[in-house]
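Descriptive analysis of the structure
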Amino acid sequence: MFRHVIFLSFLRQESLHKITTTLALKNEEIQNFICCLKQSLQNLEANSTRVQEDLDSEFSSLHSVLDELKEGMLTRMKQERASRTYELQNQLSACTKALESSEELLELANQTLCSSERVCFCAHSVTMAPAFRLSLKAKVSDNMSHLMVDFTQERGMLKSINFLPVPATPDILVSECQVCDNTITVIWALPEPDPKIDHFILEHRRTNHDGPPRLREDYPWMVVEGIRQTEHTLTGLRFDTRYMTFRVKACNKAVAGEFSEPITLETNAFVFKLDSGSSHQNLRVEDLSVEWDSSGGKVQDMRKEKNRTNSPMHSPARSFPVPMMSPKRTPSARVGRDRFTAESYTVLGDTMIDCGQQYWEVRFDKESKAFGAGVALRSLGRFDQLGKTSASWCIHLNNWLQQSLTAKHNNKARTLDCPIPDRIGIYCNYEEGTLSFYNARTKLLLHTFRTKFQQPVIPAFMVWNGSFSVQTGMQVPTIVLSGQKRNSGTSSSNASLT
């Protein structure tokens, strides 16, 4: 019985503890809400003062416009009055003088008639009297009705003055948006036409997630302001994420509306980095740039790698097999392999291609003694040079004795009769087994390998006594896609290499 009482007491205490904890949390929420309300009151006071000042300023400006308009119209009335007064007074003065002259002539004529002397002279003077040359029509009218005003319509407009409405939320027309050639055109529309819209604000950010934005994204919103049309094109983009998210809002002279529902567009671009961990020790790899270094620019990196490899965390007992991943974002295509050595001055990309159509470009020093770019299988040996085994396909520049550009595979080469570009575009269609090389500036096709890839391939490069840089995050250019369709079945193939 005593235990039962103690147990009931414990339950009551536990229940009371839960209630007090809940009440304490509720009190904290109420305190936070009170702080929010106080802050809202302060904001309301500040915002009310601001909009009242804006209203006073707008009406003062309106009064100033009306006063200026009134002053201008009064000035015009005064000028018109003065001009007409001057004309009428001149005409009145001329008529008065003519009348006085005529009266004098009449008196002279009457005297002449009475004396019968100098009749001929008097008759001639009367005939030449100014009164006969005088126009008895007023030069200007006394009517001023053309300067009357009627502000009925304007009064109606003034009476319709009201607070600016918040602009409606635009809708992004996903079906009309375009993503091609590393540009994105976003098109939107308003629910109804609004002549008070001044401009639009477009925001975009990169993301690797489809669907609506998440609370925490890796990339910030980028802002494009002052857009006057209902569409905008972003050019020169580098797609290093799988998607881009967009939203837009409308603005009038005073206020901005709400953002549209965000939409996500897929970029469809191939992104990779260079695997500096397996590159030849004479290649200095920095991000996507590579330079040949005869002194062995990787000595320090090799020492660091040796120390790291000898640490317990990287001992053989802790090694695990690395599974093959999808074509995009493979962490490292050659994890754990030895560096290329001897005369294989090679560096690989860190991302495999096992599906789809991919495109990247490489810019190289045309004075390099040797340069090559293409793709290779994972099985490419550390002593293997690009194009000299069946595990790689490349286009190769040779400046050793005379300058030449060749397509190489399985130790067979074909000399390409074309100007040597300084920038090459590489197109790979994994399913079709197509590997094409283009002059990246003119998009002129240089060569196409046609094969059947049995394994995933990796972007591969080599350089000796020279340098190059790679550009990734690119979509397949439209002109390349259309050219592939036209040239299907007509381009050169492996079998034609000699």
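Here, the structure is the one placed above.
This is a predicted model, so every value here is computed, not measured.

What counts, and at which threshold
- Residues numbered from 1 in each chain as written.
- Predicted model: local features only at pLDDT ≥ 70, side-chain atom pairs only at ≥ 80, totals over all residues.
- Heavy atoms only, no water.
- Core = buried A, V, L, I, M, F, W, Y, C linked by side-chain atoms within 4.5 Å.
- Buried < 20%, exposed > 50% of the residue type's maximum accessible area, 1.4 Å probe, protein only.
- Phe/Tyr/Trp six-rings, centres within 6.5 Å; stacked < 30°, edge-to-face > 60°.
- Helix = DSSP H or I, 4+ residues; strand = E, 2+ residues; numbered from the N terminus.
- Lys NZ or Arg CZ within 6 Å of the ring centre and 35° of its normal.
- Patch = residues over 30% accessible without salt bridge, like charges linked within 9 Å, V, L, I, M, F, W, Y side chains within 5 Å.
- Areas by Shrake-Rupley, 256 points an atom, 1.4 Å probe, with all protein chains shown as cover.
- Salt bridge = Lys/Arg side-chain N within 4 Å of Asp/Glu carboxyl O.
- Pairing = 2+ DSSP bridges.
- Axes fitted to C-alpha atoms, helices over the stretch in contact; angles between N-to-C directions.
- Arc of directions from axis to C-beta.
- Contact = heavy atoms within 4.5 Å.

As a rule of thumb, nonpolar side chains are buried together in soluble globular proteins. Among the nonpolar cores identified, the biggest contains 51 residues, and Leu 274, Trp 360, Val 362, Val 457, Phe 461, Phe 468 and Val 470 are the most heavily contacted of them. In this structure, Ile 184, Val 186, Ile 263 and Ala 269 belong to the second largest nonpolar core, which totals 20 residues.

Overall, the coordinates contain 13 aromatic pairs when judged by the stated rule. Judged by centre distance (5.9 Å) and plane angle (90 degrees), the ring pair of Phe 272 and Trp 360 falls under edge-to-face. Pair noted here: Phe 272 is in the loop between strand E8 (263–266) and strand E9 (283–286) and Trp 360 is in strand E12 (residues 357–364), with a separation of 88 residues, a long-range link. Accessibility classification places Phe 272 together with Trp 360 in one group, the buried group. Judged by centre distance (5.4 Å) and plane angle (90 degrees), the ring pair of Trp 393 and Phe 453 falls under edge-to-face. A residue pair is termed long-range when its members are at least 10 positions apart, and Trp 393 in strand E14 (residues 392–398) and Phe 453 in the loop between strand E19 (445–450) and strand E20 (457–464) qualify at 60 residues. Neither residue differs from the other here; Trp 393 and Phe 453 are each classed as buried. Within the aromatic cluster, the residues linked to one another by ring pairs are Phe 270, Phe 272, Trp 360, Phe 364, Phe 371, Phe 461 and Phe 468. One residue, Arg 247, lies across the ring of Trp 221, its end atom 4.2 Å from the ring centre.

A cluster of nonpolar residues, Leu 55, Phe 59, Leu 66, Leu 69, Met 73, Val 149, Phe 151, Leu 158, Ile 161 and Phe 163, forms a patch on the protein surface that exposes about 890 Å² of accessible area. Looking at the nonpolar patch element by element, the count peaks at five residues for helix H1 (residues 2–115). Considering the arrangement of structural elements, one finds Ile 161 in the loop between helix H3 (152–159) and strand E1 (171–172). When its relative accessible area of 47% is taken as the criterion, Ile 161 is described as partly exposed.

At Asp 181, a residue that is not glycine, the phi angle is positive and equals roughly 50 degrees. Here Asp 181 shows up in the loop between strand E2 (178–180) and strand E3 (183–189). Asp 181 sits in the partly exposed class, given a relative accessible area of 36%. Despite not being glycine, Asp 287 shows a phi value in the positive range, around 60 degrees. Turning to its location among the elements, Asp 287 is positioned in the loop between E9 and strand E10 (289–292).

Here we take up the sheet that holds E8. In space, the four strands of this open sheet follow the order E5-E4-E7-E8, with antiparallel pairing throughout. Each of the sheet's edge strands pairs with one partner strand only, and the pair in question is strand E5 (222–227) and E8. Put simply, the sheet's adjacent strands are angled 25 degrees from each other on average, direction ignored. Sheet topology places strand E7 (residues 243–251) next to E8; four bridges connect them, and they run antiparallel. Among the inter-strand pairings, Thr 245 is bridged to a residue of E8, identified as Thr 264.

Along helix H5 (residues 478–486), the residues classified as buried are Val 480, Gly 483 and Gln 484. Axial view of H5: buried residues confined to an arc of 105 degrees, hence all on one face. Away from the buried face of H5 by more than 90 degrees, exposed residues Lys 485 and Arg 486 are located. Residues of H5 that are buried make contact with E12, strand E17 (423–429), strand E18 (434–439) and E19.

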